[in-house]
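Overview (structure and organization)
Letter by letter, the chains look like this.
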Amino acid sequence: MLCTALGIVLGVLVALYALFELHYFLRMCLCVLSARFLKKRMHILDTSSVVGLCLTNDIDTLLYHMNNARYLREIDFARVDFYERTSLYRTIRSKGGSVVQGATTIRYRRFIRPFTRFTISSRIVYWDNQSIFMEHRFVGGTDGFIHCIALCRQRVMQCSVDDVMATLLKSGIALQGAMGTPKKPPQATSSTEYLERAENGTSGSGGPNVLDSASLSKPDLPLEVAKWLEWNEISSACLRSEC
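All of the points below concern the structure found in this document. (Residues numbered from 1 in each chain as written. Predicted model: local features only at pLDDT ≥ 70, side-chain atom pairs only at ≥ 80, totals over all residues. Heavy atoms only, no water.)

**Points about the overall build of the protein**
Helix and strand counts for the protein stand at 8 helices and 5 strands. Reading the protein from its N end, one meets helices and strands in the order α-α-β-α-α-β-β-β-β-α-α-α-α. By residue count, 40% of the 243 residues in the protein fall in the buried class. Surface summary for the protein: the accessible area is close to 13,700 Å², and the carbon and sulfur share equals 60%. (Helix = DSSP H or I, 4+ residues; strand = E, 2+ residues; numbered from the N terminus. Buried < 20%, exposed > 50% of the residue type's maximum accessible area, 1.4 Å probe, protein only. Areas by Shrake-Rupley, 256 points an atom, 1.4 Å probe, with all protein chains shown as cover.)

Written out as structure tokens, the structure reads:
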């Protein structure tokens, strides 16, 4: 009886591994639980860090460096960590929206060797009313060299990105206040002015504006993002002309 039960369990596990990449889903669950219950909350404009290790199931057929496709897979785990710790995903869902990966560009600079430790740093570099643009860097664990850098466009649907960011920036005031280190936004004239405007929900002229905190903290459009968006538009125009 025991042997039969063990055989059934083993058969189910083999079937699950054959039909699904089971360890991917297990690791994703662990990432979510770790970010939600074990790690500290983050301000939406902070940079998150996730530690990784290149194992034998990450290397390619040459057997001496990480498979190119694994970088994007590792970014999935880093992105989930960022989403959970900043409450970005929950805020989007609370407003009736959803988020999908719209585009990715990745640049490889140096191999990551087997059994090498690395850190993925993730941050928001820009947003518009439809998309959030994130940068992910693979940083060497010993020398601090940036082995790889990726730029990802997260397309938000059924809700406004400006509204989402305004909500998170305003909630971030309480978070920064609790930590005792108010965050100075890149384009605000002063931290005091930023906090007063965000808390009161007013614009510089004194009128109500729920998005004012988002506009004050919004980074300038990076040159590489601007050129990348231009390339995407050219590519889309070419594909449409083929239809």
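**Here we look at the nonpolar core**
Ile44, Phe82, Leu88, Ile124, Trp127 and Ile132 are the most contacted members of the largest nonpolar core, which has 19 residues in total. Residue assignment for this core shows that the elements contributing at least two residues are helix H3 (68-86), helix H4 (88-94), strand S3 (117-127), strand S4 (131-140) and helix H5 (161-179). If one sorts the elements of this core by residue count, H5 sits on top with 5 residues. When near neighbours in sequence (up to four residues on either side) are disregarded, Ile44 contacts Phe82, Thr86, Leu88, Ile124, Met165, Leu168 and Leu169. If you look at the next biggest cluster of nonpolar residues, it comprises 14 residues, including Val50, Met66, Ile75 and Phe118. (Core = buried A, V, L, I, M, F, W, Y, C linked by side-chain atoms within 4.5 Å. Contact = heavy atoms within 4.5 Å.)

**Quick look at unusual backbone geometry**
Of note, the phi angle at Ser87 is positive, near 65°, even though the residue is not glycine. On the accessibility criterion, Ser87 (17% relative accessible area) is buried.

**Some thoughts on the sheet that holds S4**
As summarised here, the arrangement of the 5 strands in space is S1-S3-S4-S5-S2, forming an open sheet in which the pairing is antiparallel. Across the chains shown, the open sheet's two edge strands, defined by having one partner strand only, are strand S1 (48-53) and strand S2 (98-108). The sheet shows a mean angle of 25° between the axes of neighbouring strands, direction not considered. Bridge analysis of S1 against S3 gives 6 bridges, and the strand direction is antiparallel. Among the inter-strand pairings, Val50 is bridged to a residue of S3, identified as Ile120. (Pairing = 2+ DSSP bridges. Axes fitted to C-alpha atoms, helices over the stretch in contact; angles between N-to-C directions.)

**Examining the pattern of salt bridges**
Taken as a whole and assessed by the stated rule, the structure comprises 12 salt bridges. Across the pair Glu135 and Arg123 runs a salt bridge, and its minimum N-O distance is 3.1 Å. You can see Glu135 sitting in strand S4 and its partner Arg123 sitting in strand S3, a full 12 residues away along the chain. The exposure class assigned to Glu135 is buried, which follows from its relative accessible area of 7%. (Salt bridge = Lys/Arg side-chain N within 4 Å of Asp/Glu carboxyl O.)

**Re the state of the cysteines**
Overall, the coordinates contain 0 disulfides when judged by the stated rule. Cysteine Cys29 remains unbridged, with the sulfur of Cys31 as its closest cysteine sulfur at 9.3 Å. According to the relative accessible area criterion, Cys29 is partly exposed, its value standing at 48%. (Disulfide = S-S within 2.5 Å.)

**A short note on helix H2 (residues 22-38)**
Since there are 3.6 residues in each turn of an α-helix, residues three or four apart along the chain are aligned in direction. For H2, which comprises 17 residues, the first-to-last C-alpha distance of 23 Å matches the rise-based estimate of 24 Å (1.5 Å per residue) to within 8%. Listed as buried for H2 are Leu22, Tyr24, Met28, Cys31 and Ala35. The secondary structure elements touched by the buried residues of H2 are helix H1 (2-19) and H3. (Expected span 1.5 Å × (residues − 1).)

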